[in-house]
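Structural overview
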Amino acid sequence: MKATGVVRRIDDLGRVVIPKEIRKVHRIKEGDPLEIFTDKEGEIILKKYSPIGELSEFAGSYAETLSKTTGHITCITDKDTVIAVSGGSKKDFLEKGLSKQLEEVIENKEVFKSKDNDEIAIPITENEGRERIYNSQVIYPIISDGDVIGSVILLSKEPNQKMGEVEYKVAQSAAGFLGNHLEV
């Protein structure tokens with residue numbers, strides 16, 4: 001564990017303020033749920049809670065099935081990171097932070113489907129360069145209880161391969177299934 005050098009007092013209602021700089025670095029926004037952990041030494045650890053992250057093993061199996069069915073790279077994300085990938089390089093995607101563009105698409109509950117290979121592709125991870133590496137993609141948000149919790153993404157690097165209605169419906173069905181699976 002790394003010390004930040006920041007000290008905060010607990011107020012009379014038991015609240016403590018997480019400094020803006022720390023919230024920015026860890027992408028913690030107002031309303032984000034935090035999980036609280038304690039240990040024997042008295043440490044209290046706050047961690048961003050990801051409902052879809054709880055299902056990472058299941059999401060991995062589901063991504064594998066989707067990839068085998070469609071023949072495309074399949075990624076399943078929470079709101080911050082890629083939690084499952086199949087059909088592509090795990091080191092390029094798995095547990096990597098999402099790009100700002102992808103976060104924006106997900107947060108706005110947008111569905112993105114590239115129609116032609118000359119469209120701009122949305123970078124998936126925050127460290128992807130500006131060069132276009134996907135020839136086609138479908139991004140479908142996962143919604144549970146009205147809140148966005150992640151996305152299902154189908155990607156292709158193959159030249160002249162387009163995402164059609166079938167891929168759109170597969171991503172839609174997968175996102176719907178995962179969202180319904182997590183509803184309380």
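Heads up: the structure comes first, above all this text.
Quick caveat, the model's predicted, so the values are computed rather than measured.

**Describing the environment of Glu 103**
- Topologically, Glu 103 is positioned in helix α4 (residues 100-107).
- Exposure remark for Glu 103: the relative accessible area of 13% places this residue in the buried category.
- Considering only alpha carbons, one finds Glu 103 and Thr 125, 22 residues apart in sequence, at a separation of 9.7 Å.

**A short note on α4**
- What α4 keeps buried is the set Leu 102, Glu 103, Val 105 and Ile 106. One side of α4 holds all its buried residues, which, seen down the axis, span an arc of 160 degrees. In this structure, α4 carries Lys 100 and Glu 104 as exposed residues pointing more than 90 degrees from its buried face.
- Looking at the buried residues of α4, the elements they touch are β3 (73-77), β5 (112-113), β6 (136-144) and β7 (147-156).
- Just downstream of α4 lies Lys 109, where phi reads positive at about 55 degrees.

**Thoughts on the pairing of β6**
- Within β6, eight of the nine residues are buried, leaving the element largely enclosed by the surrounding structure.
- Taken together, the two bridges between β5 and β6 define a ladder with antiparallel strand orientation. Directly across from Lys 113, in β6, lies its bridge partner Val 138.
- Pairing of β6 with β7 involves nine bridges; the strand directions are antiparallel. When the bridges of β7 are listed, Ile 143 appears paired with Val 148.

**Some thoughts on the pattern of salt bridges**
- All told, the structure shown has five salt bridges when counted by the stated rule.
- Here Asp 92 makes a salt bridge to Lys 91, at a shortest N to O gap of 3.8 Å.
- In this structure Asp 92 comes out as partly exposed when scored by relative accessible area, which is 34%.
- Salt-bridge contacts for Lys 113 lead to Glu 165; the nearest nitrogen and oxygen are separated by 3.6 Å.

**As for the nonpolar core**
- If you look at the biggest cluster of nonpolar residues, it comprises 22 residues, and the most contacted ones within it are Ile 52, Ile 76, Ile 142, Val 152 and Leu 178.
- Taken together, the elements giving at least two residues each to this core come down to α2 (56-70), β4 (82-86), β6, β7 and α5 (165-182).
- Residue contributions to this core peak at six residues, all from α5.
- Counting 18 residues, the second-largest nonpolar core is a separate cluster that includes Cys 75, Leu 98, Phe 112 and Ile 153.

Rules behind the numbers
Residues numbered from 1 in each chain as written. Predicted model: local features only at pLDDT ≥ 70, side-chain atom pairs only at ≥ 80, totals over all residues. Heavy atoms only, no water. Helix = DSSP H or I, 4+ residues; strand = E, 2+ residues; numbered from the N terminus. Buried < 20%, exposed > 50% of the residue type's maximum accessible area, 1.4 Å probe, protein only. Arc of directions from axis to C-beta. Contact = heavy atoms within 4.5 Å. Pairing = 2+ DSSP bridges. Salt bridge = Lys/Arg side-chain N within 4 Å of Asp/Glu carboxyl O. Core = buried A, V, L, I, M, F, W, Y, C linked by side-chain atoms within 4.5 Å.

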